[in-house]
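Residue-level structure breakdown
So you can see what is in the structure, the chains are spelled out below.
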Amino acid sequence: MQTLRSRCPLMLTRFVRYGWLVLLAFALTACHQDMYQQPSLRTYEPSSFFEDGRSARSQVPGTVAFGQARTDEYLYTGLIDGVEGDVMPFTVSRELLERGQEQYDIWCSVCHGVAGYGQSMVAQRGGIVPANFHQQRLRDAPIGHFYNIITVGVYRGDPAADGYQSMYSYASRIAPEDRWAIAAYIRALQLSQNATLSDVPPDQRSTLGN
């Protein structure tokens, strides 16, 4: 009877002889690309799978395609006939401004600063120049401008000169209603930092010294 020690060389020989076949089988399986490069059809390419020969399918009756229900163009773009509008698409309330402040603090303050002056750690170390909402250009900008920038992003300036302003789109991160809430809060920030005595209701001016 063979002992375990006497059988070891034989087992090693068989492993060397057949083991590479097992490793090759694993390697070939790992190179299979069906999941990575799935079969697909290009736009308007014919297909033999459907009876009508078309790869593009008609909309199923009774369904609504993604984005199709957005009938209020201004609510979702901030544009009126391609021009930035200067009205809110719904009533501004205290609750709306509080919501705007909350969303601004989450998404905007990291670059633009809590007070909107563009002073933040990102401005100091990030190599970009976040917009100062209190500059005259943005104080005069229509409120739809802020909604539009949040939606599509912006890139302007010369890195070799005085830096550049770069901001990606937040459309996938912030709901349209919250984008408008942020725009309304930015307008409130501008008013808070640039208000004059004439902006205060007459019956409340006496409280300013308190």
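Residues numbered from 1 in each chain as written. Predicted model: local features only at pLDDT ≥ 70, side-chain atom pairs only at ≥ 80, totals over all residues. Heavy atoms only, no water.

An unreviewed UniProt entry lists the protein under the name Cytochrome c, with Candidatus Chloroploca mongolica given as the organism.

Glancing now at the overall build of the protein. Per the secondary structure count, the protein includes eight helices and four strands. Taken from N to C terminus, the helices and strands of the protein fall in the order α-α-β-β-α-α-α-α-α-β-β-α. Per-residue burial for the protein yields a buried fraction of 26% across its 210 residues. Partitioning the intrachain contacts of the protein with sequence separation of at least 6 by distance along the chain shows that 52% fall at a separation of at least 24. Entry remark: accessible area of the protein is about 15,500 Å², with carbon and sulfur atoms responsible for 58%. (Helix = DSSP H or I, 4+ residues; strand = E, 2+ residues; numbered from the N terminus. Buried < 20%, exposed > 50% of the residue type's maximum accessible area, 1.4 Å probe, protein only. Contact = heavy atoms within 4.5 Å. Areas by Shrake-Rupley, 256 points an atom, 1.4 Å probe, with all protein chains shown as cover.)

Judged by nonpolar contacts, the single largest core of 24 residues is most densely connected at Tyr-104, Phe-146, Trp-180 and Ile-182. Contributing elements (two or more residues each) for this core: helix H2 (73-77), helix H3 (94-107), helix H7 (143-152) and helix H8 (176-194). Phe-146 has contacts with Phe-133, Leu-138, Ala-141, Ala-183, Ile-186, Arg-187 and Gln-190, leaving out every residue within four places of it along the chain. (Core = buried A, V, L, I, M, F, W, Y, C linked by side-chain atoms within 4.5 Å.)

Turning our eyes to something else, we now look at the side chain of Ser-47. Considering the arrangement of structural elements, one finds Ser-47 in the loop between helix H1 (4-30) and H2. From its side chain, Ser-47 meets the backbone nitrogen of Phe-49 in a polar contact 3.2 Å long. Discounting chain neighbours no more than four positions away, the residues touching Ser-47 are Leu-41, Gly-53, Arg-54 and Ser-55. (Polar contact = N/O pair within 3.5 Å; in protein donor to acceptor, adjacent residues only side chain to side chain.)

A complete count under the given rule lists six salt bridges for this structure. A salt bridge links Arg-54 to Asp-52, with the shortest nitrogen-to-oxygen separation between them at 3.2 Å. With a relative accessible area of 42%, Arg-54 lands in the partly exposed category. Across the salt bridge formed by Arg-57 and Asp-52, the nearest N and O atoms sit 3.1 Å from each other. Under the relative-accessibility criterion, Arg-57 is labelled partly exposed at 43%. Connected through salt bridges with shared partners, the residues Asp-52, Arg-54 and Arg-57 form a single ionic network. (Salt bridge = Lys/Arg side-chain N within 4 Å of Asp/Glu carboxyl O.)

In this structure, Gln-190 sits in helix H8. Non-local contacts of Gln-190, meaning those with residues more than four positions away in its chain, are made with Phe-133, His-134, Leu-138, Arg-139 and Phe-146.

Taken N-terminus to C-terminus, the directions of H3 and H8 make an angle of 95°; their axes are 7 Å apart at the nearest point. Overall, the two elements H3 and H8 adopt an arrangement that is roughly perpendicular. Each of Leu-96, Leu-97, Arg-99, Gly-100, Gln-101, Gln-103 and Tyr-104 in H3 lies in contact with H8, whose residues at this interface are Asp-178, Ala-181, Ile-182, Ala-184, Tyr-185, Ile-186, Ala-188 and Leu-189. Here the contact of H3 with H8 is composed, by residue class, of ten nonpolar, three polar and two charged. (Axes fitted to C-alpha atoms, helices over the stretch in contact; angles between N-to-C directions. Parallel < 35°, antiparallel > 145°, perpendicular 65-115°, else oblique. Nonpolar A, V, L, I, M, F, W, Y, C, P; charged D, E, K, R; others polar.)

With that settled, consider the packing of H7 against H8. One way to put it is that H7 packs onto H8 with a least axis distance of 9 Å and a crossing angle of 130°. Taken as axis vectors, H7 and H8 run oblique relative to one another. Crossing of H7 over H8 shows right-handed handedness. Between H7, through Ile-143, Gly-144, Phe-146, Tyr-147, Ile-150 and Thr-151, and H8, the contact on the second element is made entirely by Pro-176, Arg-179, Trp-180, Ile-182, Ala-183, Ala-184, Ile-186, Arg-187 and Gln-190. Counted by class, the contact of H7 with H8 contains ten nonpolar, three polar and two charged residues. (Left-handed = near helix turned anticlockwise from the far one by under 90°.)

Time to look at H8. The end-to-end C-alpha separation of H8 is 27 Å, in line with the 27 Å expected for 19 residues at 1.5 Å each. Of all the positions in H8, only Pro-176, Asp-178, Arg-179, Trp-180, Ala-181, Ile-182, Ala-183, Ala-184, Tyr-185, Ile-186, Leu-189 and Gln-190 are classed as buried. Each element contacted by the buried residues of H8 is listed here: H2, H3, helix H6 (136-139) and H7. (Expected span 1.5 Å × (residues − 1).)

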